[in-house]
Amino acid sequence: MELNLILAAFGGGVLGAFMGGLPAFILCGIVGFAGFAMGGDMDILGAVAFGPFLGPHIVFGGGGVAAAAYAKSIGVMPEGTDILTPLAKFQNPKIYLVGGVAGILAHLFQYLYGTVLALPLDTVALSVVTMGILVRLTIGKTGITGTCPIDGKHARPFFPEKDTIPNLLLSGFAIGLLSSYYAVEYNAVTLGFCVSAASLMFTQMGFPLPSTHHITLSAAYAAAATGSVLVGGIFGLIAAIIGDFSNKTFNSYCDSHMDPPAMTISILSLISFTLLALI
């Protein structure tokens with residue numbers, strides 16, 4: 001493992017803290033999308049968008065998430081789940097240092113999962129999940145599934161509500177089909193992911209646009225493994241449901257962010273890279 005890469009991961013983690021997790025992730029999508037159009041010797045998509053500069057595991061799951069939880073723990077930010085606010089506003093070098101160390105840890109997890117163990121799934125997503133768990137257990141105080149304040153008269157929601165299920169199914173299926181088409185016809189497996197990530201700029205602006213990158217990437221993986229756009233659409237549908245369940249179960253009633261899209265991608269990529277790859 002190169003020392004320069006570890007140093008860059010520290011810088012990426014600080015950048016994620018400085019900018020805020022979601023703004024940094026949005027840039028990942030924008031730069032990744034641009035990578036499809038750019039030529040030259042540098043692999044913009046792999047080395048920049050998914051590398052130490054803007055890799056989701058480093059700037060988002062590492063620096064952004066850990067620094068936000070730490071800022072909450074020292075009382076400078078109201079919510080540790082806030083991944084929208086650039087933490088540069090607090091001008092606190094300790095927050096940057098936490099982000100930098102988290103960036104290194106995220107890089108090490110990715111190296112372990114992807115290079116040493118060569119796990120058959122999206123190891124960037126798994127690294128984001130790992131960092132979310134680590135932050136929740138070390139900096140957070142609400143436990144893996146959060147501390148629900150609801151009294152005994154009401155059941156805590158885990159599954160999608162009845163009136164939201166049709167929307168989840170249709171949007172997941174349709175968006176999955178769209179991403180799958182480009183995965184099958186153009187071998188652009190991460191194109192949908194990059195578009196979805198970039199679309200979160202509207203969420204950052206305050207518009208009620210939910211994340212879809214777990215749908216587009218899970219669908220594309222399934223479509224690429226089977227050569228079927230329809231199968232990809234079905235996986236997009238499943239991703240929408242799993243993402244909602246993960247959000248309600250692990251990212252509610254808590255004091256740090258655990259990323260539901262990364263959880264979804266980890267699960268469904270494992271299926272695509274193992275079971276579907278055998279078909």
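The notes below deal with the structure included here. Just so it is clear, the model here is predicted, and its values are computed rather than measured.

Scoring rules and cut-offs
Residues numbered from 1 in each chain as written. Predicted model: local features only at pLDDT ≥ 70, side-chain atom pairs only at ≥ 80, totals over all residues. Heavy atoms only, no water. Helix = DSSP H or I, 4+ residues; strand = E, 2+ residues; numbered from the N terminus. Rg over C-alpha atoms; globule rule 2.2 N^0.38 Å. Contact = heavy atoms within 4.5 Å. Salt bridge = Lys/Arg side-chain N within 4 Å of Asp/Glu carboxyl O. Buried < 20%, exposed > 50% of the residue type's maximum accessible area, 1.4 Å probe, protein only. Phe/Tyr/Trp six-rings, centres within 6.5 Å; stacked < 30°, edge-to-face > 60°. Polar contact = N/O pair within 3.5 Å; in protein donor to acceptor, adjacent residues only side chain to side chain. Core = buried A, V, L, I, M, F, W, Y, C linked by side-chain atoms within 4.5 Å. 1 Å grid on protein atoms, 1.4 Å probe; cavity = no way out; pocket = protein on both sides within 12 Å on 5 of 7 lines; lining within 4 Å. Points joined across faces, edges and corners; volume = space filled by probe spheres on them. Nonpolar A, V, L, I, M, F, W, Y, C, P; charged D, E, K, R; others polar. Expected span 1.5 Å × (residues − 1).

Secondary structure summary: the chain contains 12 helices and 0 strands in total. Listing each helix as α and each strand as β along the chain from the N terminus yields α-α-α-α-α-α-α-α-α-α-α-α. On C-alpha atoms alone, the chain measures out to a radius of gyration of 18 Å, which is about the 19 Å that the 2.2 N^0.38 rule sets for 279 residues. Across its three principal directions, the C-alpha atoms of the chain cover 60 × 50 × 35 Å. The long-range share in the chain, meaning contacts at least 24 apart out of those at least 6 apart in sequence, stands at 73%.

Moving on to the pattern of salt bridges. Enumeration over the complete set of coordinates arrives at 1 salt bridge. A salt bridge links Asp244 to Lys248, with the shortest nitrogen-to-oxygen separation between them at 2.9 Å. Of this pair, Asp244 and Lys248 both sit in helix H11 (residues 229-250), 4 residues apart, which is roughly one turn of that helix. Of the two residues, Asp244 and Lys248, both sit in the buried class.

With the rule as written, the count across this model stands at 10 aromatic pairs. Look at Phe25 and Phe193: their rings are 5.8 Å apart centre to centre, the planes differ by 85 degrees, and that puts the pair in the edge-to-face class. Taken together, the residues span a long stretch of sequence, with Phe25 in helix H2 (residues 21-37) and Phe193 in helix H8 (residues 191-199) at a distance of 168 residues. Phe193 gets classed as buried once you look at its relative accessible area, which sits at 4%. With a centroid separation of 6.1 Å and an interplanar angle of 70 degrees, the aromatic rings of Tyr181 and Tyr186 are classed as edge-to-face. When its relative accessible area of 37% is taken as the criterion, Tyr181 is described as partly exposed. Relative accessible area serves as the criterion here: at 55%, Tyr186 is assigned to the exposed category.

The subject of this paragraph is unusual backbone geometry. Glycine aside, the phi torsion of most residues is negative, and most peptide linkages are trans. Although it is not a glycine, Gln91 adopts a positive phi angle of roughly 50 degrees. Tracing the sequence through the fold places Gln91 in the loop between helix H4 (56-73) and helix H5 (93-116). Phi angles above zero are rare outside glycine, and Asn187 is one such case at about 55 degrees. Relative to the helices and strands, Asn187 resides in the loop between helix H7 (165-185) and H8.

Here we take up the side chain of Ser228. Looking at the element boundaries, Ser228 is found in the loop between helix H10 (213-226) and H11. Within polar-contact distance, the side chain of Ser228 engages the backbone nitrogen of Leu230 at 3.3 Å. Those residues within four positions of Ser228 in sequence are excluded, and the remaining contacts are Val184 and Ala223.

Here we come to the nonpolar core. Of all hydrophobic cores here, the largest spans 39 residues; its most connected members are Phe25, Phe60 and Phe193. When residues of this core are traced back to their parent elements, those giving at least two are H2, helix H3 (44-49), H4, H5, helix H6 (123-138), H8, H10 and helix H12 (260-273). Looking at this core, the element that brings in the most residues is H4, giving 6 residues. The contact partners of Phe193, leaving out residues within four places of it in the chain, are Phe25, Cys28, Phe50, Pro56, His213, Thr216 and Leu217. By size, the runner-up hydrophobic cluster in this structure holds 10 residues, among which are Ala67, Met77, Leu87 and Tyr96.

To continue, consider the layout of surface pockets. When its volume is computed, the largest pocket comes out at roughly 1,000 Å³. Looking at the lining of the largest pocket, the elements with two or more residues in it are H2, H4, H6, H7, H10, H11 and H12. Considering only residue class, the lining of the largest pocket consists of 26 nonpolar, 16 polar and 3 charged.

Before going further, it helps to spend a moment on H2. With 17 residues, H2 ought to run about 24 Å at 1.5 Å a step, and its terminal C-alpha atoms sit 25 Å apart, in line with that. Within H2, burial applies to Gly21, Leu22, Pro23, Ala24, Phe25, Ile26, Cys28, Gly29, Gly32 and Gly35. For H2, the secondary structure elements touched by its buried residues are helix H1 (3-19), H3, H4, H8, helix H9 (201-204) and H10.

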